[in-house]
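Architecture at a glance
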Amino acid sequence: MIRYCSRCVMPETKPDILFDEQGVCSACKHFDARVEVDWDARRRDLEQVLDRYRVADGSNHDCIVPVSGGKDSTFQTLRVLQLGLNPLCVTSATCKLTAIGRRNLDNLKQLGVDSIEYTPNPVVRRRINRLALREVGDISWPEHVGIFTAPVRLAVQLGIALIVWGENSQNEYGGPAAAAEDNVLTRRWLEEFGGLLGLRVSDLVGQEGIGSRDLIPYTYPTDAQLAAVGVTGIFLGYYLPWDGWSNQVIAQAHGFETYPHFVEGSLANYENLDNAFHGIHDYFKFIKYGFGRATDLACMAIRRGRLERADAIELVRLHDGGFPASYLGVDLDEMLDELDLSHDEFVAICDRFTNKRLFETDRHGELRKDRRGNLTKVNYDNVAQG
Ligand SMILES: [Zn+2]
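As the structure is a computational prediction, the values presented were derived from the model and not from experiment. (Residues numbered from 1 in each chain as written. Predicted model: local features only at pLDDT ≥ 70, side-chain atom pairs only at ≥ 80, totals over all residues. Heavy atoms only, no water.)

1. A few points about the nonpolar core
Heads up, the rule is: Here, nonpolar core refers to any group of buried Ala, Val, Leu, Ile, Met, Phe, Trp, Tyr and Cys residues whose side-chain atoms link them within 4.5 Å. Accessibility here uses a 1.4 Å probe with only protein chains present; expressed as a share of the type maximum, an area under 20% marks a residue as buried, one over 50% as exposed, and anything in between as partly exposed. Helix numbers and strand numbers start at the N terminus; a helix is a DSSP run of H or I with at least 4 residues, a strand a run of E with at least 2. Only heavy atoms enter the contact rule, under which two residues are in contact if any of them lie within 4.5 Å.
In terms of nonpolar packing, the biggest core is built from 58 residues, with F284 and F346 touching the most fellow members. Only α1 (26-33), α13 (278-289), α14 (293-303), α15 (309-319), α16 (332-338) and α17 (343-353) provide two or more residues apiece to this core. Setting aside residues no more than four positions away along its own chain, F284 makes contact with L133, G137, F346, I349, C350 and F353. Membership of the second largest hydrophobic core comes to 20 residues, among which are C63, V65, L85 and V113.

Here it is, written out as structure tokens:
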């Protein structure tokens, strides 16, 4: 039996989430705590921080803004420009950039910024995709490492001390309180919560013909290198109210393009549009922990009073965690072909990472699947299924 938050629809199987005596999850409680926040004071704090890092003589960029081209990074760039900064936007390339992702990245540049697109060797990237899928069940592992590493490496190399990140994902999604209060992204934060899943970059050396020379884009600077430039990072979401929904409204008003309908496995058409592998990533979250992107979005909507819990349960059941036969219209088998994985091998990897306590099995203990390969959870709310 899976226990869900009594207010939103998050299951207790989510890593790092805590439930109180009333059965309310830590993400809901973090959200409630936002009402107490003095946003005007935070805004003044932000301006003070930024004033320390502004390059008065204009000889260098004031900050690095890590951007994917998504709604949040479009919003982030707009805010940074409004605050009068001259940013260098840095993109760490996604694993399989989609056509709409390309257009949105180009749109972001048109907001009027200098930018760098950093693209790690795609041949090595595919090997790491496959290896990480097999070893830790996360095809997107190299992308997540790259997102947190490339901007920091460039900050060191270009002598730009300030990195302006978007949201602290632990705050919205409910991690340990100490991590959620952080407004700087330290190396320790990255190691604990940056999605490395216990697989370290150094563990890759010697596998699939990968050497340390192939791992430069994934290697975090040393503490000495960071200290030499005084690199620091802040989360904009700590200083300014942060809401993915309103971010996309603002982004769209500045040319950001949405998908014509809900993205597969989601309840939105405005996010995770830049990487075709994203559907596989989210599916593995679902089979490991029993929730996917539809659950995340439903929870955020409930907290903001935009969706009733009873409707959320129904929508999650309809859209969460389907077998990822396609994503943004890109066929699964096309993606597997690039990774040199057969469909059967992929299904075997899925089965190996599926938590059988969360899904219905037959009397032989085999996972029950419909003809499309979809699983059924043992329960979708805090009541036993009929
Ligand atoms: Zn909750």
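Anyway, onward from the coordinates.
2. Points about the coordination of the zinc ion
Rules: Coordinating N, O and S atoms are those within 2.8 Å of the metal (3.2 Å for Na, K and Ca), and as water is not part of the atoms, a site may appear to have fewer donors than expected. Geometry is assigned from the angles between donors: four donors with all angles from 85 to 135 degrees make a tetrahedral site, four or six donors whose opposite pairs exceed 155 degrees while the rest stay between 65 and 115 make square planar or octahedral sites respectively, and everything else is labelled irregular.
The coordination sphere of the zinc ion contains the protein donors C5 (SG), C8 (SG), C25 (SG) and C28 (SG), at a distance range of 2.3 to 2.4 Å. Angles of 104 to 115 degrees at the metal separate the four donor atoms of the zinc ion, which places the site in the tetrahedral class. If you list the donors of the zinc ion from N- to C-terminus, the spacing comes out as C-x2-C-x16-C-x2-C. Here C5, found in the segment before α1, pairs with C28, found in helix α1; they are 23 residues apart in sequence, far enough to count as distant. Taken individually, C5 and C28 each receive the classification buried, so the pair is uniform in this respect.

3. Topic: the pattern of salt bridges
Convention followed: Any carboxyl oxygen of Asp or Glu within 4 Å of a side-chain nitrogen of Lys or Arg constitutes a salt bridge here.
Per the counting criterion, the structure on display carries 26 salt bridges. One salt bridge connects E47 with R43, and the closest N-O pair in it is separated by 3.2 Å. Linking E47 with R43, this pair stays in helix α2 (residues 39-53), spanning four residues, or about one helical turn. Given a relative accessible area of 33%, E47 falls into the partly exposed group. Here R134 ties to E345 by a salt bridge, and the two come within 3.1 Å at their closest N and O atoms. Of this pair, R134 sits in helix α5 (residues 122-136) while E345 is found in helix α17, placing the two residues 211 residues apart along the sequence.

4. Things to note about helix α12 (residues 244-253)
We apply this condition: Directions pointing from the helix axis toward each C-beta atom define the arc.
Among all positions of α12, only G244, N247, Q248 and A251 are buried. Projected down its long axis, α12 shows its buried positions confined to an angular sector of 95 degrees, all on one face.

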